Amino acid sequence: MSIVIVGGNEGMVRQYKDLCQSYKCKAKVFAKTSGKLKIGCPDLMVLFTNTVSHKMLKAALNEVKGQNTVVERVHTSSLAALKGVLDEYAS
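**Student:** Help me understand helix α2 (residues 54–63), please; the structure alone is not making it clear to me.
**Tutor:** Three- or four-residue spacings in an α-helix give side chains the same orientation, since the helix completes a turn every 3.6 residues. Among the residues making up α2, those that are buried are M56, L57 and A60. Along α2, the residues classed as buried sweep out an arc of 100° about the axis, all on the same side. For α2, the exposed residues set more than 90 degrees away from the buried face come down to H54, K55, K58 and N62. For α2, the elements touching its buried residues are β1 (2–6), β2 (26–30), β3 (44–48) and β4 (70–74).

**Student:** Would you mind going over helix α3 (residues 79–89) with me for this structure?
**Tutor:** Inspection of α3 places A81, L82, V85 and L86 among the buried residues, and these make up the whole buried set. Seen along its axis, α3 keeps its buried residues to an arc of 135°; they face one direction. Across from the buried face of α3, at angles greater than 90 degrees, the exposed residues are A80 and E88. Where the residues of α3 are buried, they touch β1, α1 (13–22), β3 and β4.

**Student:** Please explain the pairing of β3 as it appears in this structure.
**Tutor:** On a regular strand, one side chain projects to one face of the sheet and the next to the other, so that they alternate. Burial analysis of β3 places 5 of its 5 residues in the buried class, which makes it a mostly covered element. Side chains L44, V46 and F48 of β3 all project onto a buried face; the interleaved residues M45 and L47 project onto the opposite face, where all are buried too. By the bridge criterion, 4 bridges tie β1 to β3 in an arrangement that is parallel. Looking at the pairing, I5 lines up with V46 of β3. Judged from the 5 bridges that link them, β3 and β4 form a sheet pairing that is parallel. For F48, the partnering residue across the bridge sits in β4 and is V74. Tracing the backbone out of β3, into α2 and back to the parallel element β4 gives a crossover that is right-handed.

Calculation rules
Residues numbered from 1 in each chain as written. Predicted model: local features only at pLDDT ≥ 70, side-chain atom pairs only at ≥ 80, totals over all residues. Heavy atoms only, no water. Buried < 20%, exposed > 50% of the residue type's maximum accessible area, 1.4 Å probe, protein only. Helix = DSSP H or I, 4+ residues; strand = E, 2+ residues; numbered from the N terminus. Arc of directions from axis to C-beta. Contact = heavy atoms within 4.5 Å. Pairing = 2+ DSSP bridges. Right-handed = clockwise from strand over helix to strand, strands pointing away.

Okay, structure coming up:
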C-alpha cells in the first residue's frame, strides 16, 4: 500500500516513514511545501490539517482529484494519530 502524508512536523519525517514501513507500506512525506507536489497515485493520503497551509492542502487535493485515493484528514500530527489511521486502513 502506498501512502502520502501531507503536513506534520519536519523533525518527525523519519518517524512517520518508519511507522508506515512497520505496516508494510511505502510512504512519501511532504512536511513543507517546496514548489509543486509530486504525489503520484497513492492508495491513501493523510492530511495533518493542523500543520498544513490552505494552499498546500488545496494543491494536494487537486493532485489526487479523480483518482481512487482515500483521503483521511487528521487534526493532530502525532505518531499516535497516524497509527490510528494505519490501523484502520493498512491492517
